[in-house]
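Below, each chain spelled out in residue letters.
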Amino acid sequence: MVRRYLRLLGIQLKASGLLAVQYRADFFTEGLTSLFWTFTALAPLFVVYGERPVVEGWSFGEALLVVGWFTLLQGILEGAINPSLTGVVEHIRKGTLDFVLLKPADAQFLVSTQRFLPWRAFNVLTGLGLFVYAFSRLGRWPSVPGLLSSVLLLGTSTLLLYSLWILTVSAAFYVVRVDNLTYLFTSIFDFARWPSSVFKGVAKGALTLVFTYVIPLALMTTFPAEAMLGRLPLHALAGAVVGAVVFAWLARRVWLHSIGHYTSASS
Amino acid sequence: MISVRGLRKHYKVHKRPPGLKAALRSLVHRSYTTVKAVDGISFDIRPGERVGFLGPNGAGKTTTLKVLSGLLHPSDGEVTVDGHVPRLREEAFLKKIMLVMGQKQQLLWDLPPAETFELNRAIYDVPAIQYKQTLDELVALLDIGDLITKPTRQLSLGERMKCELAAALIHRPRVLFLDEPTIGLDVSMQATMRTFIKEYNEKYGATLILTSHYMDDVAALCPRVIVIDKGLLSYDGSLDALVQRVRPEKRVVLRLAEEVDAARLAPLGKVVTHEAGTAVLQVRQEAVNATISRALAGLPVTDLTVENAPLEEVMSELFAENKARREAAAEDASRESVTA
Ligand SMILES: Nc1ncnc2c1ncn2[C@@H]1O[C@H](COP(=O)(O)OP(=O)(O)OP(=O)(O)O)[C@@H](O)[C@H]1O
Ligand SMILES: [Mg+2]
């Protein structure tokens, strides 16, 4: 069972790899775009920290870590999650999801692994670069337990991001046009470039609640950054793991329900 | 092999009225209409049979095939395919069947078909030896040796369709649903597909349901046809018997050495066409012999053939008949409701 799915994953990866090689010039354009956007994204950080050394308990170097996590997750999102799941929307629109559902394998697995854009993942490298830069500014290196828990949180953050996308795509079964939804999703994801406590200052009450629990963006980037700094409490780590698993489970239920409702495009 | 009892599939569609105001109102107050795509049909198909689904556009053919392959849940009725209930989409069931749709493709667009084959092989868990054997056979029969390594987007429609069919057969399905597999193909490509499909059916004893608007496909492949019209089954039996029932008349085609006056043809039978030295007469079956002898005796005939009416014509006559019957029934019903 597991072996079969691993083999399937291998074949899907190979297919995406073949395509990536066809478009290998993209490596450079994607790389340049990634660097450009990272620098423009850093600009507000420079502005804010030009005035004061600490914002809501975060020094410049620490805030850089959050940006690093944001950039890294963006790489994962655009390289591994977005391409497949926008493909699902296309499948639904053209009615070719029929072929996915005819296959004797899990439909969610098949659609989630159908396409990877390795060059888009350039942001992952940029994110790693930002970590190095941030820690050199801080003048110290992360502890081993800190690093380990941040790697664990990389897993939970990816799972959260993926589940959020699955929920968005499930909506496509009902409204077909989800361009706006995906746009909304990326715009909201943009907030994750700031440490979550920053919002406590700006938006009180309801918004913080939304960002922390409904769309757990803050957790995706702030928690791993805090873990790297060695100041994430153990119960928060446990909470993130449990939360991500619950969220993934929820997304799975919603997906299965939506598939049940699917009536393929006419003809 | 396949058993369908009282199958119904009703689509609930949201009615979107024209005009902005009405559209806005419909956001709050959504009104639905029910489309009765399939409205109570029953039939049985034995293993290895080749059955043609016929019916005009929108008759419910595709809907039925989708229910049979588990893509749509029936609104009512019972369906089993080789002992499985399709809507449960069990792996064992999905491994036995395949649905090929002429209008949609499963091949990966930017990659060669060989990659899709490889993927399907993994999905269906086909053993390596069987995979190689099946693939070699498909490549030889469909003559797609050079095609499967070219990116799909560079293939012509016909070439792509051959590869589509190959991709669908990698796991050697025992039940094959073909929804307009020859749509858009030229005559010789259609013939290639037909020969191939027939060979597959005979070699593996696969059960086959085919829909097509090309009557040649049906005539060549399907000894048995099921006619569906407006979601109802209107005929189930052999194609010959259907033709006999709808259009028992034969056609006598006469090639004439010289122009003949229309008045001399009229007594022989109903003149269907008469131009450029060829006359086509429609004659009742039992009168065919008499007509032939009279024509040979009285007309300058150089050549003579007896044919059935073209299938297309038979079908459109059948659909027109059905339509007239439905309208009459609807009228009766409305008259009754007025008197009641
Ligand atoms: N997803 C859907 N939602 C709503 N109505 C649908 C849907 N799919 C099909 N229909 C309607 O159901 C009816 C039967 O459609 P179906 O596709 O089964 O016809 P068909 O016999 O395959 O026709 P064709 O020969 O044109 O392919 C049509 O009236 C169609 O408009
Ligand atoms: Mg159809």
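Cut-off values and rules
Per-chain numbering applies: the sequence of each chain, read as written, is numbered from 1 onward. Chains carry letters from A onward and ligands carry numbers from 1 onward, assigned in written order. The predicted nature of this model means local features are confined to residues of pLDDT at least 70 and side-chain atom pairs, given and counted, to a pLDDT of 80 or more, with totals for whole chains, interfaces and linings taken over all residues. With hydrogens and water stripped out, all remaining heavy atoms of the structure feed into the side-chain values. A run of DSSP states H or I qualifies as a helix once it reaches four residues; a run of E qualifies as a strand once it reaches two. Both are numbered from the N-terminal end. Only protein chains enter the calculation, and the probe is 1.4 Å; a residue is then buried if its accessible area is under 20% of its type maximum, exposed if over 50%, and partly exposed in between. Any two residues whose heavy atoms approach within 4.5 Å are treated as being in contact. Working definition of accessibility: Shrake-Rupley area with a 1.4 Å probe, residue cover restricted to the visible protein chains. Each patch is built from residues lacking any salt bridge and having more than 30% relative accessible area; the joining distance is 9 Å for like charges and 5 Å for nonpolar side chains (Val, Leu, Ile, Met, Phe, Trp, Tyr). We count a salt bridge whenever a side-chain nitrogen from Lys or Arg sits within 4 Å of a carboxyl oxygen from Asp or Glu. The rule is short: rings of Phe, Tyr and Trp, with Trp giving its six-membered ring, pair when the centres are within 6.5 Å, and they are stacked under 30 degrees, edge-to-face over 60, tilted in between. Note on geometry: a ring has a charge over it if NZ (lysine) or CZ (arginine) is within 6 Å of the ring centre and within 35 degrees of the ring normal. The criterion is simple. A nonpolar core is a set of buried Ala, Val, Leu, Ile, Met, Phe, Trp, Tyr and Cys residues joined through side-chain atoms within 4.5 Å. For two strands to be treated as a pair, DSSP must find no fewer than two bridges joining them. Throughout, an axis means a line fitted to C-alpha atoms (over the contacting stretch in the case of helices), and angles, computed between N-to-C directions, take values from 0 to 180 degrees. Here roughly perpendicular refers to angles of 65 to 115 degrees, roughly parallel to angles under 35, roughly antiparallel to angles over 145, and oblique to all remaining angles. Here a polar contact is recorded for every N or O atom pair within 3.5 Å, except that within protein the pair must consist of a potential hydrogen donor and a potential acceptor, and residues adjacent in sequence are included only if both atoms are side-chain atoms.

Caption draft 1: View of the overall build of chain A. Within chain A, the regular secondary structure consists of 12 helices and 2 strands. Ordered by position from N to C terminus, the α and β elements of chain A give α-α-β-β-α-α-α-α-α-α-α-α-α-α. Burial analysis of chain A (267 residues in total) assigns 50% to the buried set. Once local pairs closer than 6 in sequence are excluded, the contacts in chain A between residues at least 24 apart make up 84%. When the accessible area of chain A is evaluated, it comes to approximately 12,800 Å², of which 70% is carbon and sulfur surface.

Caption draft 2: Examining the side chain of B:T62 more closely. Here B:T62 is to be found in helix 2 (residues 61-68). The class for B:T62 is buried, based on a relative accessible area of 16%.

Caption draft 3: Summary view of a nonpolar patch on the surface. Residues and elements named next belong to chain A. A cluster of nonpolar side chains, contributed by M1, V2 and L6, occupies part of the molecular surface with about 370 Å² of accessible area. Its location among the elements puts V2 in helix 1 (residues 2-22). Since its relative accessible area comes to 59%, V2 is described here as exposed.

Caption draft 4: Spatial organisation of the packing of aromatic side chains. Residue and element names in this part refer to chain A. In the structure shown here, the tally under the stated rule is 11 aromatic pairs over all chains. Between F27 and F28, the aromatic rings sit 5.3 Å apart at their centres with planes inclined by 80°, giving edge-to-face as the arrangement. Three or more aromatic residues joined by ring pairs form one cluster here, namely F27, F28, W119 and F122. One Lys or Arg, R231, reaches over the ring of W58 and ends 4.5 Å from the middle of that ring.

Caption draft 5: Highlighting the nonpolar core. If you look at the biggest cluster of nonpolar residues, it comprises 143 residues, and the most contacted ones within it are B:I2 and B:L68. In terms of residue count, helix 3 (residues 60-94) of chain A provides more of this core than any other element does, 17 residues in total. Filtering out sequence-adjacent residues up to four positions away, B:L68 remains in contact with B:I2, B:V4, B:F43, B:V79, B:V81, B:P86, B:F93, B:F177 and B:I209. Ranked by size, the runner-up nonpolar core spans 13 residues in total, among them B:V252, B:V260, B:V288 and B:I292.

Caption draft 6: Seen up close, the sheet that holds strand 2 (residues 32-45) of chain B. Residue and element names in this part refer to chain B. Strand order in the open sheet formed by 3 strands is 2-1-4, with antiparallel pairing between adjacent strands. The sheet is open, and its two borders are formed by strand 2 and strand 4 (76-81), each paired with just one other strand. Adjacent strand axes in the sheet meet at a mean angle of 30°, parallel and antiparallel pairs treated alike. In the sheet, strand 1 (residues 2-14) pairs with strand 2 via 11 bridges, with the strands oriented antiparallel. Its bridge partner being in strand 2, V4 is matched across the sheet by F43.

Caption draft 7: Broad picture of the packing of helix 1 of chain A against helix 4 (residues 113-124) of chain B. Running from N to C, helix 1 of chain A and helix 4 of chain B cross one another at 170°; their axes reach a closest spacing of 9 Å. The orientation of helix 1 of chain A with respect to helix 4 of chain B, classified from their angle, is roughly antiparallel. Where helix 1 of chain A approaches helix 4 of chain B, its residues A:R4, A:R7, A:L8, A:I11, A:Q12, A:K14 and A:L18 are matched on the opposing element by B:E115, B:E118, B:L119, B:R121, B:A122 and B:I123.

Caption draft 8: Quick peek at the environment of B:S42. Residues and elements named next belong to chain B. Inspection of the secondary structure assignment puts S42 in strand 2. For the pair S42 and G269, spaced 227 residues apart in the sequence, the C-alpha separation amounts to 40 Å. Once residues within four sequence positions are removed from consideration, S42 is found in contact with V4, R5, G6 and L233. Within the structure, the side chain of S42 is placed 2.8 Å from the backbone nitrogen of G6, a separation counted as a polar contact.

Remember, this is a structural readout, not a statement about activity or role.
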